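What follows is each chain in one-letter form.
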Amino acid sequence: MTAVRRAAALLAALLVVVAGAAQAHAAGYRYWSFWERDGARWTYATQGPATARPDDGSVQGFRFAVSEDSADASRPRGAADFATICAGTPARAGHKRVALVLDFGTPADAPSGETPPARRTACARVSEDATAADALAAAAKPLRYDANALLCAIAGYPHKGCGEQVSAGKAPAAGAGTESGPDANHESGSHDGPSLGLPIGVAVVALLAGAAVWQARRRGNA
C-alpha cells in the first residue's frame, strides 16, 4: 500500500505542474491585430501596417482583442465589402482607395475602466504608394504607437496601455508589449503557432504516472 500511495502522490504532484503550465499557456496579449481581406475571408497580415502597401480596392481590417498569437487572434466582425464601404468616396487620379474595418472589440477585452466604441468602417483615399498605416492615419486619427512602432490605439482607443500581457486570473501587466507579444504589428512577419509545451507536459505526466503504477504493482507482488 505504501508504494501505491507514493505513486498516487507522484501523480498528484505532476498534475499540479501540468495545471500550472496550462495557466501559463492561457496567457495572452491585449492589442490591435492587423488583417487583410482575401475574397470572402480575413487573413492575418504577414507584415505590419507601416510596410504593407495595399492595392486600390483592397480591404484592411483591425481588431482589438486579447489573444495569445495569430492562431488564436479574433477576426474583425461584420460585413467587409469594398464597394459598400467606399461607395461615397469617388476615385481620383493619382490616388487609391482603401476600405478599412475597425473593430474595437468587446467589453471583456477592454482595459479596465474603458468601453470599446462601436465597430465602424471608413474609406481612405490616399496616394498610390501609401501604406496601410497611411490609410489608417487618414481615416481614424488619433493613432498612438509605442517606441517600438507597435500600434497601441486607433481613434484614441484605448486611452492607455500597449500590448500588455493578460494572464488567466491575473491583472494585466503594466507597460508596453515585449518581443514575445504581438509582433505582427511591428515591421516583421507572422507568429508561430501555439506552444508545444503543454502537450509535451501531458505526455510526460502520463508516462511517469504509468511507470509509478507499474512500480507500485511490482513491489506489491514482491
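Residues numbered from 1 in each chain as written. Predicted model: local features only at pLDDT ≥ 70, side-chain atom pairs only at ≥ 80, totals over all residues. Heavy atoms only, no water.

1. Digging into helix α3 (residues 132-139)
Inference 1: Taken together, the buried positions of α3 are occupied by Ala132, Ala133, Ala135 and Leu136. All buried residues of α3 lie within an arc of 160° about the axis, which places them on one face of the element. (Buried < 20%, exposed > 50% of the residue type's maximum accessible area, 1.4 Å probe, protein only. Helix = DSSP H or I, 4+ residues; strand = E, 2+ residues; numbered from the N terminus. Arc of directions from axis to C-beta.)

2. Overview of the state of the cysteines
Inference 1: What the rule picks out here adds up to two disulfides.
Inference 2: Each sulfur of the disulfide joining cysteine 86 and cysteine 123 lies 2.1 Å from the other. Handedness here is read from the sign of the S-S torsion; for cysteine 86 and cysteine 123, about 100°, the answer is right-handed. Taken together, the positions of cysteine 86 in the loop between α2 (82-85) and β4 (95-103) and cysteine 123 in strand β5 (residues 120-127) put the pair 37 residues apart, joining distant regions of the chain.
Inference 3: On the basis of relative accessibility, which here comes to 17%, the residue cysteine 123 falls in the buried class.
Inference 4: Cysteine 152 shares a disulfide with cysteine 162; S-S distance 2.0 Å. Handedness of the cysteine 152-cysteine 162 disulfide follows from its S-S torsion of about -70°: it is left-handed. One end of the pair, cysteine 152, is in strand β7 (residues 151-153); the other, cysteine 162, is in the loop between β7 and β8 (165-166), and 10 residues separate them in sequence.
Inference 5: Taking relative accessible area as the criterion, cysteine 162 reaches 6% and is therefore assigned buried. (Disulfide = S-S within 2.5 Å.)

3. Describing a negative patch on the surface
Inference 1: Side chains of Asp55, Asp56, Glu128, Asp129 and Asp134 sit close together on the surface and give a patch of like negative charge.
Inference 2: Here aspartate 129 is to be found in the loop between β5 and α3. (Patch = residues over 30% accessible without salt bridge, like charges linked within 9 Å, V, L, I, M, F, W, Y side chains within 5 Å. Areas by Shrake-Rupley, 256 points an atom, 1.4 Å probe, with all protein chains shown as cover. Salt bridge = Lys/Arg side-chain N within 4 Å of Asp/Glu carboxyl O. Lys, Arg positive; Asp, Glu negative; His and termini not counted. Charge placed at Lys NZ, Arg CZ, Asp CG, Glu CD.)

4. Describing the side chain of arginine 97
Inference 1: Among the structural elements, arginine 97 can be located in strand β4.
Inference 2: One buried charged side chain, arginine 97, makes no salt bridge at all; its nearest oppositely charged neighbour is aspartate 56, positioned 4.5 Å away.
Inference 3: Within the structure, the side chain of arginine 97 is placed 2.6 Å from the backbone oxygen of threonine 89, a separation counted as a polar contact.
Inference 4: In this structure, arginine 97 is in contact with Asp55, Asp56, Gly57, Ser58, Phe82, Cys86, Thr89, Pro90, Ala91, Cys123, Ala124 and Arg125, ignoring residues within four places of it in sequence. (Polar contact = N/O pair within 3.5 Å; in protein donor to acceptor, adjacent residues only side chain to side chain. Contact = heavy atoms within 4.5 Å.)

5. Some remarks on the nonpolar core
Inference 1: Judged by nonpolar contacts, the single largest core of 21 residues is most densely connected at Trp32, Phe62, Leu100, Leu102, Leu136 and Ile154.
Inference 2: Elements with a contribution of two residues or more to this core: β1 (28-38), β3 (58-67), β4, β5 and α3.
Inference 3: Excluding residues that lie within four positions of it along the chain, leucine 102 makes contacts with Phe62, Arg119, Arg120, Leu136, Ala140 and Ile154.
Inference 4: Core analysis: the second largest hydrophobic core is formed by 14 residues, Tyr31, Phe82, Ile85 and Cys123 among them. (Core = buried A, V, L, I, M, F, W, Y, C linked by side-chain atoms within 4.5 Å.)

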